[in-house]
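# Inside the fold
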Amino acid sequence: MMPLFEETPTPELAAAGLRLGIAPPERMPRWAAHWLTEDLDGTDLRMLAGMSGQDLEEVRSVLPWALVEAGAPEPDLGAAARVVFTAVARRCADGLVTEEQVLAAVDWICRVAGYDDAVVAAPLAQVFPLHGEWSSVGGRDRAVLRAEVRAAVTAQLDPPT
């Protein structure tokens, strides 16, 4: 998976990643401490920021309320997918990841979400069948596949109104 969660994500991206099961909960205390420096505040957010992250039960016991205080209540699965797919698309549009990395991320997110209808409905998820084609012998030219990924990135970042 691309490094969406190596740096401190926004509370919204962290909540979405947690909902999808792709964000590491043991990093939440460090992220909460960072969010406190960004003028987010709350009793549970401060409590989370003071934890080591080693006791996941302890982290999970305060996590939902801390995220609410940070302005990011747990999203439904479809909303979580949209947030994460938009972050992936933004990284691609900004030249931080390749089209191949986007395909791998989309494939992984769709798999961990059990190919839920709300997840695969996202514009970026439309390229998940291309992941297998990218590495298969005799598939379409990579330039064509890159163009399809780029079109899905654009659609994810600029959905029709």
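Our subject is the structure that appears above.
Right, let's walk through the structure included here. (Residues numbered from 1 in each chain as written. Predicted model: local features only at pLDDT ≥ 70, side-chain atom pairs only at ≥ 80, totals over all residues. Heavy atoms only, no water.)

Summed over all chains, the structure comprises 2 aromatic pairs. Centre to centre, the rings of Tyr115 and Phe128 are 5.4 Å apart; their planes meet at 40°, and the pair counts as tilted. Of this pair, Tyr115 sits in the loop between α6 (99-112) and α7 (117-120) while Phe128 sits in the loop between α7 and α8 (130-135), placing them 13 residues apart in sequence. (Phe/Tyr/Trp six-rings, centres within 6.5 Å; stacked < 30°, edge-to-face > 60°. Helix = DSSP H or I, 4+ residues; strand = E, 2+ residues; numbered from the N terminus.)

With that settled, consider unusual backbone geometry. Most peptide bonds take the trans configuration, and most residues that are not glycine carry a negative phi. Unlike most non-glycine residues, Asp39 shows phi in positive territory, near 70°. Residue position: Asp39 is located in the loop between α2 (28-37) and α3 (43-49). A positive phi is found at Tyr115, a non-glycine position, where the angle reads about 55°.

It is worth spelling out the packing of helix α5 (residues 77-93) against α6 at this point. Contact geometry of α5 with α6 gives a least axis separation of 10 Å together with a crossing angle of 175°. In terms of axis orientation, α5 runs roughly antiparallel to α6. Taking contact as the criterion, the partners of Val84, Phe85, Val88 and Cys92 in α5 are, on α6, Val102, Ala105, Val106, Ile109 and Cys110. Of the residues that constitute the contact of α5 with α6, the class distribution is 9 nonpolar, no polar and no charged. (Axes fitted to C-alpha atoms, helices over the stretch in contact; angles between N-to-C directions. Parallel < 35°, antiparallel > 145°, perpendicular 65-115°, else oblique. Contact = heavy atoms within 4.5 Å. Nonpolar A, V, L, I, M, F, W, Y, C, P; charged D, E, K, R; others polar.)

All right, on to the nonpolar core then. Met28, Trp35, Leu48, Val84, Phe85 and Leu124 are the most contacted members of the largest nonpolar core, which has 52 residues in total. If one sorts the elements of this core by residue count, α5 sits on top with 10 residues. What Leu48 contacts, discounting residues up to four positions off in sequence, is Met28, Pro29, Ala32, Val59, Val62, Leu63 and Ala66. (Core = buried A, V, L, I, M, F, W, Y, C linked by side-chain atoms within 4.5 Å. Buried < 20%, exposed > 50% of the residue type's maximum accessible area, 1.4 Å probe, protein only.)

No statement about biological role is implied by the geometric values presented.
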